[in-house]
Amino acid sequence: MSITSRRTVLRAGLALLGATPLFGQAQGAPIKLGLIESLSGPFANTGEAVFRNLAWAIERVNARGGVPTAQGRRPLQLQRFDNKGQVEESLSMLRAAVDGGIHFVLQGNSSAAAAALIDAINKHNEREPARRVVFLNYSAVDPILTNELCSFWHFRFDAHADMRMTALMELIKADEQLERMYLIGQDYSFGHAVLREAKRQLAQLRPDVAIAGEELHPIGRIKDFLPYATKIRNSGAQAVLTGNWGNDLTLLVKAARDVGFDGRFYTFYGNALGAPAAIGDAGIGKVVAVADWLPNVPTAESAAFYKTFRERFPKPQDDYVHLRMQLLIEALAQAIERAGGTDPLAVARALESADVTLAGQRGRMRAADHQFQQPLAVGVMDKAGTPGVPFDVEGSGYGFRVVRQISAEQAAMPHACRMVRPR
């Protein structure tokens, strides 16, 4: 990418964010954050959902006056970099962010892109210590990222795939009618990790369950999932387990409904982005989703938090809130304050002991592997207004009743990280 093109990207990002931050009493120069995400193409809806969440979290910090530093209070400012859902574009956008003086980059909607960014940032920080970068990951959940590929400069704020799978297995273990399970996922690192862990945990916890089929499909390129849905129906499976997200999940569940599949869907992301509306009544009691938090977590703090989000983003299509992204921004603000400024090395060291709470949800960073430790919730789809479902999703009339809450201690898993820290 040319210098001119990079400056164009930066100007576009600034223009899009110009009206977002509320600077309150902050007087210093803005602390720039770079969002590297799919903001066009088949997964643009997921990137825009991320943007809304992060922008809202930043508004909260800025409304209270920004972040205290040794130079005074400074606002946060989010700039957008469209990677078009591609790994190479992610690396180009990283270079554009660095050229724009950004020290904190955020990305999540692709574990393949996250792995490439970790490698690039490691090399960049070694070559150019005066322009170091810290990587905050909100949803790239391939376990390898905080295990074999762990990096001092990378911090993950979502539960990784094996942690989410363990939470789903709490319900699968209790599903006495389950005899045959179909596994389907996206053909990249995360999709492979989900299917691999599903087979391992099924063999350990439900050896009586047969795998009726196993499928990996190209990510973001399938427009017609009817052939896949037909195979699922014909396999005799009573349930599907998938890590699919975005349109790959919505189109899959639509196709399953259209071919008459009436089994359960055990999902990582079936609680929004069109999936509940696509399934309709057929999903009641059958679609299961796991997350760090769900809108129907039964506490007053959680309900108040969700209502505030809906007031800020009233359009039904904007209804996808991630509490972990709010905690990420709170953790970054906390670390900058503790570091006394924005030096990436000092901030990274402070992030290793991040401990933040919002809406009753507490999260703490584990220094050994930079894997955030937080509770998880498992929900089952039901009609809004039924017991335990005061809130629906995206105006669909369906929400998720929380049936399992897993503490941070229960969700924690061992790691294989061998962290190399800078001197």
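Fair warning: this is a prediction, and the values are worked out from it, not measured in the lab. (Residues numbered from 1 in each chain as written. Predicted model: local features only at pLDDT ≥ 70, side-chain atom pairs only at ≥ 80, totals over all residues. Heavy atoms only, no water.)

A. Quick peek at the overall build of the protein. Looking only at helices and strands, one finds 13 helices and 17 strands in the protein. Against the compact-globule benchmark of 22 Å for 423 residues, the protein has a radius of gyration of 21 Å, which places it among compact chains. Considering only C-alpha atoms, the protein reaches an extent of 65 × 40 × 40 Å along its principal axes. Approximately 16200 Å² of the protein is accessible, and the part contributed by carbon and sulfur atoms is 51%. Within the protein, the 43 negative side-chain charges are centred at a point lying 4 Å from the centre of the 48 positive side-chain charges. (Helix = DSSP H or I, 4+ residues; strand = E, 2+ residues; numbered from the N terminus. Rg over C-alpha atoms; globule rule 2.2 N^0.38 Å. Areas by Shrake-Rupley, 256 points an atom, 1.4 Å probe, with all protein chains shown as cover. Lys, Arg positive; Asp, Glu negative; His and termini not counted. Charge placed at Lys NZ, Arg CZ, Asp CG, Glu CD.)

B. Quick peek at the confidence of the model for the protein. Mean pLDDT over the protein works out to 93, with 94% of the residues at or above the 70 mark. Low confidence marks residues 1–23, where pLDDT is under 50. Its contacts with residues over four positions away, or in another chain, come to 37 contacts. (pLDDT = per-residue confidence, 0-100. Contact = heavy atoms within 4.5 Å.)

C. Focus on the packing of helix α7 (residues 226–234) against helix α8 (residues 247–258). Contact pair α7 / α8: the axes reach a minimum separation of 8 Å and the direction vectors enclose 55°. The angle between the axes of α7 and α8 places the two elements in the oblique class. As for how α7 packs across α8, the hand of that crossing is right-handed. When α7 is examined against α8, the residues Leu226, Ala229 and Ile232 are found in contact with a partner set consisting of Leu252, Ala255, Ala256 and Asp258. Looking at the contact of α7 with α8 residue by residue, the class counts come to six nonpolar, no polar and one charged. (Axes fitted to C-alpha atoms, helices over the stretch in contact; angles between N-to-C directions. Parallel < 35°, antiparallel > 145°, perpendicular 65-115°, else oblique. Left-handed = near helix turned anticlockwise from the far one by under 90°. Nonpolar A, V, L, I, M, F, W, Y, C, P; charged D, E, K, R; others polar.)

D. Seen up close, the pairing of strand β4 (residues 76–82). In terms of burial, β4 is largely enclosed, as seven of its seven residues are buried. Burial along β4 is two-sided: the residues Leu76, Leu78, Arg80 and Asp82 and Gln77, Gln79 and Phe81 are all buried. (Buried < 20%, exposed > 50% of the residue type's maximum accessible area, 1.4 Å probe, protein only.)

E. Representation of unusual backbone geometry. Although it is not a glycine, Lys84 sits at a positive phi angle of roughly 55°. As for its placement among the helices and strands, Lys84 is situated in the loop between β4 and α3 (87–99).

F. Broad picture of the packing of aromatic side chains. Considering all chains together, one arrives at 15 aromatic pairs under this definition. An angle of 65° between the planes, with centres 6.1 Å apart, marks the rings of Phe268 and Tyr269 as edge-to-face. For the pair Phe268 and Tyr269, a shared accessibility class is recorded, and that class is buried. Note on Phe309 and Phe313: the rings are 5.1 Å apart at their centroids and 45° apart in plane angle, and the pair reads as tilted. Joined through ring pairs, the aromatic side chains of Trp56, Trp293, Phe305, Tyr306, Phe309, Phe313 and Phe391 make up one cluster. (Phe/Tyr/Trp six-rings, centres within 6.5 Å; stacked < 30°, edge-to-face > 60°.)

G. Molecular detail of the nonpolar core. Within the largest apolar cluster, 79 residues are counted, with the highest numbers of intra-cluster contacts made by Ile329 and Leu351. Element by element, the count of residues in this core is highest for helix α11 (residues 323–339), at 10 residues. With sequence-adjacent residues up to four places away left out, Leu351 is seen in contact with Val134, Leu136, Phe155, Phe157, Ala331, Leu332, Ala335 and Met365. By size, the runner-up hydrophobic cluster in this structure holds 66 residues, among which are Tyr188, Leu252, Val259 and Phe261. (Core = buried A, V, L, I, M, F, W, Y, C linked by side-chain atoms within 4.5 Å.)

H. Spatial organisation of the pairing of strand β16 (residues 376–383). For β16, the buried fraction is high: seven of the eight residues fall into the buried class. Here strand β12 (residues 287–291) runs beside β16; their pairing, made up of four bridges, is antiparallel. Bridging across to β16, Val288 finds its partner in Val380. Direction of pairing for β16 relative to strand β17 (residues 398–406): antiparallel, over a ladder of eight bridges. Its bridge partner being in β17, Lys383 is matched across the sheet by Tyr398. (Pairing = 2+ DSSP bridges.)

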